[in-house]
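Geometric and topological summary
Here is what each chain is made of, one letter per residue.
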Amino acid sequence: MRFWARWLVPVTTVGRPRAWIVPVVLLLSVAVLGDEIELVSGKRYQGEVVKETAERITFKVHRGGGSATMTFPVEKVRAITVAGQRRELVGAGAAPAAGGTMRSKAEVEALIAEAGSTPPDWWDSTPLEYPKTLDLTWTKPTGPWNPQRNLGQYLFSVIDANPNKGPSGARLLHYTLTVNKDRPDKLKQSMLQLGHVYVDVLEDYARGAFWLRKAEGMAGGLQLNWRVKLALCYWKLGSKQMAAEVLSRHRVVNPAVIKLWSDMGELQKAVSLAEILARRYPDLGSLAAADAYRFHRRYREAEAHYQKVLSLNQGSGALKRNKERAQANLQALKAFEALDLTRVPDGTYRSKCMGFRGEITVEVTVKDARIESVKIADHREDRALSAFVAIPRRIVEKQGLNDVDAVTGATVTAHAVLNATAKALAAAMK
Amino acid sequence: MHLNLFLPALERSQRGTADEPPGAILRAARALLPSALFSDPRSGRPGLLRRILKALGPTWLAAPLRRLTQTVCLLLFFVLLLYVVGAHGSPPFAQAREAKEIIPAEFFLMLDPLVSISTALAARVWVWSLVWAGVILLISVVIPRGFCGYACPLGTLIDLFDFALGRRMARFKVERRGWWVHLRYYLLTGVLMAALCGVLLSGFVAAMPLLTRGMAYTLGPLQLGLVEGWHVVPALSAWQYLSIVLFLAVLALGFLRPRFWCRYVCPTGAVFSVATLLRLTERKVTSSCIQCGRCVEACPFDAIKADFTTRPAECTFCQTCGGVCPVGAITFGGRWDTVAPRPESPRPTEEIGLSRRGFLTAGLASVAIAAGLRASAVSRSLNTSWVRPVRPPGSVPEEMFLRACIRCGECLQACPTKALQPMGLESGLLGLWTPRAVADWAGCDPTCNNCGQVCPTGAIRALPPEEKRVARMGLAVVNQRTCLPHPGREPCQMCVDQCRDAGYKAIEFLRVHVELDEYGLPVEDSGFLAPVVVAEKCVGCGLCQSRCYAINVAERRVLSRSAVQVVAGPGKEDRLMRGSYLKLREEERRAREQAQRSLRQESDSTDTYLPDFLR
């Protein structure tokens, strides 16, 4: 209605109170809009799902009289309930152990057989595309690294590097099945790589398992890393038993095995295997143990193991990289999960993080185990300046860094402020 | 017919004669408003309104409606420039502007008839703002040169300058006559001749582009700096300072005579003067004239000569003369109305006539300038090392762009990230002050279509946001020698993140420098993820380049120039004169699919999800 038209409306129909409308509308809104979102952290919000994409879910939270729109990255969401239907999200937080979609062996077998024989939904919309120079026959590469020529290198350098290219890679690999029809060893290579793309890139565990098992049936069976991948599929599909069977058949350990045991809730098993691994590769073993403890929220032990990695002088060939990883994980742990403000002495701490146009310097003041203030000491940003007000305010409100980023969406500036604060607090923690 | 818009001098009513009965409006006003506001004709005591106007100044008292209109127009100009166009709000920028744009942001530029006429001549196309030129010229048939007297914000600004500074300095004052008095006609001739030769010069001298550019180069950065901080204001180039100096020079002409620019130089005013040939109304002086000479003194445009005759081509209908006339001898009405004429005055008018030599000189000079500029432009396009400028999204083809861009600076003011900056002489004199996207400074925001929406001539087409998003301005090219991950210097993925966040997803990763284990297999996570541009998805917005420059060049100093550069040129940009960019994209997509289908036909029988031999 145009504003001047309001004057034409008789006053009585506008002004008459209709008290009964309020409870009816409330009732209706609860019945119709009663969505729920459950986070990995265990928090639940009531409201309605506004938008859902592959990366994030926008949720309108009804609180008290009003509502606020929040955006969550999918990896932080365990499940959403829409119109009474609960749906587990496939991702780190939605492992079967957390949600409880356990399946019997027969059900898993049926699932694999069903998925394995039907094309995925993206099949028709994905063209068969690959560089003209690519050799599809799995010839053993010679000469320098050339992803435009060698199929394996193409998968590693192009498909794995761009998760959105998963369908394109899978389609190409399906094509190579026929190309290499008459050479069993090459055919098996195609199957294994299909398994890899379905599991690691597309997270389609039923089809992953299908193709890994096809490869298993060929001469030579499966090597350890492929077996772990198959076990992971079984676990993700809901059968811990099948996964455990595959894993137990082996005596050799690697970090992937440990991680899977840990994911399946077997912390003791994971830690004991990590100790075995640590005898030969102390860095890999301690890192795996630390990650397992962290996953099970035993932060004190996790911190100790990360520290152990950092103190090592020798280890596997990738010691330097493992140390960097331990350092990054330790910092995130201290800041986001095990932030203990009582361990931070009173004082003002500064840290920097690269923002949109340059480094952002943040000044955090802690007093009596409370974050008193977060100030932006220096910056060169030219956009998203609202983050400079909103993020510090939320950090102080929440007295921590968890879930702060979930609200604003992922702007570079917001994340830089958050990470600089995290760095400052983690470094100050005793 | 009367068109008297002035406030006549207050006369005490003579005893014994009847007052003229007041009009309907005045009667209604008297009935509704307190009587203290109104003058009393019997005692001759001025009312509050008159006293307020008098305090504002003699011209306010004489022609309050004109001064009020001028004030409103000047304020409107600043609101449009600084609020509607200049205050960008937050993304989506297209909606932020639309919400504020009740009156088109380029309103005054549209009204300047020289802008649209010269553009249409130079580019030989229909420019839609010609409609507005037609409207304003039609209005000026009824109110001759009314734009100059009532609406022109540059004129009002000059009035303000003359009031504040010009009248205080007598040293530079010049006589009423001199070689310059018809300069505007010669300039107009020159501009139109150059336009006929395909070179648009009106942007340098027409009133509205001159004012808009002057304000966009001075108040624009000032506003941005004060509101958002000085670090987001791009440094002004020497050529921008030149533009500012020229603008100040236009104001400083007021030291010579009040409104010197408007009287003698402004070619836009000359267009209106020519239009007065068709005027329906004009100023008349009746027999009650006492030859006091107040009107000659009051006239800001030298339209009243020493013999009290009117020069309609100069008269802007400001009607100040009517207000200052003590005997009410001046009236504005139909051109062919008869009034009791004023007796002839013997005083000489000392006028200078239009000279054929002036027109010839202006015409020939402008043709020569145009030819020289065109020749330099041609020689440049033959030079292979010349770097083509990246133009705003939706710009018409370069040749047409240079013929249509009026260099008003409105797009620069409208650009929320200041990615658009004026050129110097990199593209020759022809390209001076034309907008170019400087990706080192900022990228073109994917939610914004402001530049095309405010362009008064269509040099940048007004595309809806979704179409602007797919209009290619250029193509990002990664320099594989300097880009940090490519030679294995260090990991960096800012351009990829930037492109993904903007929604284009035109930069993909390629893993390079992969380490191999003892079996010759690649080590997980080894090597670097290096950026690769997917040409068919890239629109050349420059977000990637701006990030690489801001961090790797300006902040960390690990590079001397951004490793990803947006380049323009044939095949790298779409510059459609007309037709939809969306359709163009759709056609390209179909062509690609066609090519794919032919590839697939070879493998059709074998390209199945689950080959039969594996069932």
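Residues numbered from 1 in each chain as written. Chains lettered and ligands numbered in written order. Predicted model: local features only at pLDDT ≥ 70, side-chain atom pairs only at ≥ 80, totals over all residues. Heavy atoms only, no water.

**Examining the state of the cysteines**
- Tallying each qualifying case throughout the model produces zero disulfides over all chains.
- The thiol sulfur of Cys538 of chain B is not disulfide-bonded, and the nearest other cysteine sulfur, from Cys544 of chain B, lies at 6.3 Å. (Disulfide = S-S within 2.5 Å.)

**Here's the deal with the side chain of Asp445 of chain B**
Residues and elements named next belong to chain B.
- Checked against the element boundaries, Asp445 lands in the loop between β4 (435–437) and α22 (450–454).
- Look at Asp445 and you get buried, because its relative accessible area is 10%.
- Polar side-chain contacts of Asp445 include one of 2.5 Å to the side chain of Thr447. (Helix = DSSP H or I, 4+ residues; strand = E, 2+ residues; numbered from the N terminus. Buried < 20%, exposed > 50% of the residue type's maximum accessible area, 1.4 Å probe, protein only. Polar contact = N/O pair within 3.5 Å; in protein donor to acceptor, adjacent residues only side chain to side chain.)

**Digging into the pattern of salt bridges**
- For the coordinates displayed, the defined rule picks out 39 salt bridges over all chains.
- Taking the shortest distance from any N to any O, the salt bridge between Glu301 of chain A and Arg298 of chain A comes out at 2.9 Å.
- The exposure class assigned to Arg298 of chain A is partly exposed, which follows from its relative accessible area of 32%.
- The shortest N-O distance in the salt bridge between Glu573 of chain B and Arg575 of chain B comes to 3.2 Å. (Salt bridge = Lys/Arg side-chain N within 4 Å of Asp/Glu carboxyl O.)

**With respect to the interface of chain A and chain B**
- Listed per partner, the contact involves 48 residues of chain A and 42 residues of chain B.
- The junction of chain A with chain B conceals about 3800 Å² of combined surface from both sides, 55% of it contributed by carbon and sulfur atoms.
- Here chain A is connected to chain B by three salt bridges.
- For the salt bridge of Glu555 of chain B with Arg380 of chain A, the shortest nitrogen-to-oxygen distance reads 3.2 Å.
- Among the elements of the structure, α4 (105–117), α5 (151–159), α6 (166–179), α7 (184–201), α8 (205–216) and α15 (319–337) of chain A are those that each provide at least two residues to the side of chain A that touches chain B.
- A per-element tally of the side of chain A that touches chain B places α6 of chain A first, with five residues.
- Considered class by class, the residues forming the side of chain A that touches chain B number 21 nonpolar, eleven polar and 16 charged. (Contact = heavy atoms within 4.5 Å. Buried area = accessible area lost by both parts, 1.4 Å probe. Nonpolar A, V, L, I, M, F, W, Y, C, P; charged D, E, K, R; others polar.)

**What about helix α8 (residues 130–142) of chain B?**
- Relative to the 18 Å expected for 13 residues at 1.5 Å per residue, α8 of chain B spans 19 Å between its end C-alpha atoms, a close match to the ideal helical length.
- Contacts from the buried residues of α8 of chain B go to α6 (107–111), α7 (113–123), α9 (146–151), α16 (267–275) and β1 (281–285) of chain B. (Expected span 1.5 Å × (residues − 1).)

**So, the sheet that holds strand β9 (residues 370–378) of chain A**
Residue and element names in this part refer to chain A.
- With antiparallel pairing, the three strands of this open sheet are ordered in space as β7-β8-β9. Looking at which strands have only one partner, the edges of the open sheet turn out to be β7 (347–354) and β9. Strand after strand, the sheet turns through a mean of 25° between neighbouring axes, direction not considered.
- Each of β8 (359–367) and β9 touches helix α16 (residues 387–398); the most contacted strand, β9, lies at about 160° to it. (Pairing = 2+ DSSP bridges. Axes fitted to C-alpha atoms, helices over the stretch in contact; angles between N-to-C directions.)

**So, α7 of chain B**
All names here are of chain B.
- With nine of its eleven residues buried, α7 lies for the most part within the structure.
- Among all positions of α7, only Pro113, Leu114, Val115, Ser116, Ser118, Thr119, Ala120, Ala122 and Ala123 are buried.
- Taking the backbone nitrogen of Leu114 as reference, a side-chain oxygen 3.1 Å away marks Asp112 as the first, capping residue of α7.
- The first or second residue beyond α7 is Arg124, which carries a positive phi of 55°.

It is worth stressing that arrangement in space is one thing and function is another; only the former is reported here.
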